[in-house]
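Now for the letters of each chain:
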Amino acid sequence: MALILGLSAYYHDAAACLVRDGEIVAAAQEERFTRKKHDAGFPTHAVAYCLREAGIAASDLDYVGFYDKPLLKFERLLEQYLGVAPRGFRQFVTAMPVWLKDKLFTRSLIRKEGVLEGFEGDVMFTEHHESHAASAFYPSPFLEAAVLTMDGVGEWATSSWGVGRGRELDIHAELHYPHSLGLLYSAFTYYTGFKVNSGEYKVMGLAPYGEPRYVDLILGTLVDLKDDGSFKLDMRYFDYLAGFTMTSPAFDELFQGAPRKPESPLTQREMDLAASVQVVTEEVMLRMARHVQRETGMRNLCLAGGVALNCVGNGRLLREGPFERLWIQPAAGDAGGALGVALAIHHKVLGQDRRVRSEGDSMHGSYLGPQFSDAEIEAVLREVGAVFERAPDETALVAHTAALLADEKVVGWVQGRMEFGPRALGGRSILGDPRSPKMQSVMNLKIKYRESFRPFAPSVLRERVAEWFELDVDSPYMLLVAGVRPEHRVAMTPEQEKLFGIEKLNVPRSTIPAVTHIDHSARIQTVHRETNPRYHALLAAFAERTGCPVLVNTSFNVRGEPIVCTPRDAYRCFMRTEMDYLVLGSYVIEKARQPPLPDDEDWRRKYELD
């Protein structure tokens, strides 16, 4: 029985994952413990959690795996800087000390970490996109599948495709830096005034408000796209090779203006730019997928890498692509690399066979983080002076929560194990009534404190998803977008049709307006009794009360804050927002009855805006 710890660190979204005999025991991002969003430091707390969850010491580990190859990445950086010299000198001077002091010596750094004291096994490395591919294929429900990975950049690769069969996983082709779909999208993220490696979701959410009027300009000038999905970027328009910004002055000239200043008002130009880069991204994804299917003949496709979090593109792949089934790694970004390297060591290095489930995948619903007993929760509530009530049993708890939601109360919901990946899936969620026409604006402006245009996702009972959405496949990780069914849609009036862009925000588009985007789409999470029975029971109780098996589900945090992990995190966030109730394990906490939070600090000063 092999015990393998996988690690990702030093760039963004550091994480750890523990695999025992091929089974994923625990996985978590470091940000959830340090409360620093996208924390890139060594995942000390995440490692400690994984060891604790497995009931082992570091000395019990057989292998530690790291999700990319530092020497190969260093080679790429040197060639990059030499290739643009003397431009890029400041970037070179900034980066090299960190590499020469730390990153080149990752193996020795890992062995020196106190949390791994006593570990004497081997430290192994996989290439970045090999880690992504392993995270996509090995936990999937498929005996064999094509695998497609797309992100910013690993060592050299920015996209790759391959084939998985049983325990075998082979990469067949790669697209190399600086030509990158992820970096193209990040360039537009930067140019529209959002934060790179964080604000890409905002660009995707903004896109339906715009018109894709720049698509021909992008494909005619910035991107030389081939039929097989490969492409080259015209680097005159980008600055990430030699500078500290994503775009160059030539980019400004092409799109007739400077980048939008962060937090300044959005204009129709930003909406149209977002719509345009989204269309281009989807076209690249579709061409890549069609090429891979032609080359492999496979019926199934597995996806990972940061671009695989583009759920709108994933939805188009499912509807229009050549593959019959998709499976997307829920922690598709760098955090998932920790899981990928651990599974790659188990199957590829040790040669151990996969155990493929006939139903579902091996991610356990992605509920792989810490959980807390009622005794632990009550101890925290008493310590902070909270006023609370304990439900006598689960049935009463679920019924009471469903009644609160039906009364348009906003409820923080913390149950069971924390999710692994960027989405809250009913373990660390804020919930609301999707039928409420005011719910989206209330949750955006008074609870999440974020941009008003950003849509919320629906959680829906898996067995009833096809009644409400144009989808009838599993979507447990909120990574597929599909339309609300026509019978639930609301047509615009002639006056509303004349509105432009963000003016359409408050126009109800369906009978569940809080989770319906302006184009009638929704980012769907199907909830399964097998992986989250309590959340499934809550949706069923809400459906019995209202006839609607859908809830608004957004992550339990405020803007710039990582998703909450502990009961203390949850109570603090609850008190900083205008949520009405917190349901924490078996305990129900009403905001109106709580004393002020002692010695609290302004969360806007604590968390850097994303």
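Before reading further, recall that the structure is shown in the block above.
Residues numbered from 1 in each chain as written. Predicted model: local features only at pLDDT ≥ 70, side-chain atom pairs only at ≥ 80, totals over all residues. Heavy atoms only, no water.

Once that is clear, we can look at the sheet that holds strand 21 (residues 587-590). Spatially, 13-21-20-14-15-19-16-18-17 is the arrangement adopted by the nine strands of the open sheet, whose pairing is mixed. Each edge of the open sheet is held by one strand with a lone partner, namely strand 13 (389-390) and strand 17 (480-483). Summarising the sheet, strand 15 (residues 428-432) and strand 19 (residues 550-555) pair through four bridges and their orientation is antiparallel. From the neighbouring strand, Gly 432 faces strand 19, where its bridge partner is Val 552. Sitting on the sheet, helix 15 (residues 394-406) is in contact with strand 14 (411-414), strand 15, strand 19, strand 20 (581-584) and strand 21, with an inclination near 150° to strand 14. Along the sheet, helix 20 (residues 567-576) contacts strand 14, strand 20 and strand 21; its crossing angle with strand 20, the most-contacted strand, is approximately 175°. (Pairing = 2+ DSSP bridges. Helix = DSSP H or I, 4+ residues; strand = E, 2+ residues; numbered from the N terminus. Contact = heavy atoms within 4.5 Å. Axes fitted to C-alpha atoms, helices over the stretch in contact; angles between N-to-C directions.)

As enumerated under the stated definition, the model contains 35 salt bridges in all. Put simply, Glu 378 and Arg 382 hold a salt bridge, and the shortest N to O gap is 2.9 Å. Residue Glu 378 and its partner Arg 382 are located together in helix 14 (residues 374-383), separated by four residues, close to a single helical turn. Judged by its relative accessible area of 56%, Arg 382 is exposed. In this structure, Glu 467 and Arg 464 form a salt bridge, with 3.1 Å as the shortest nitrogen-oxygen distance. Of the residues examined, Arg 464 reaches a relative accessible area of 24% and is grouped as partly exposed. Because the salt bridges share partners, they merge into one network encompassing Lys 202, Glu 263, Glu 451, Arg 454 and Arg 559. (Salt bridge = Lys/Arg side-chain N within 4 Å of Asp/Glu carboxyl O. Buried < 20%, exposed > 50% of the residue type's maximum accessible area, 1.4 Å probe, protein only.)

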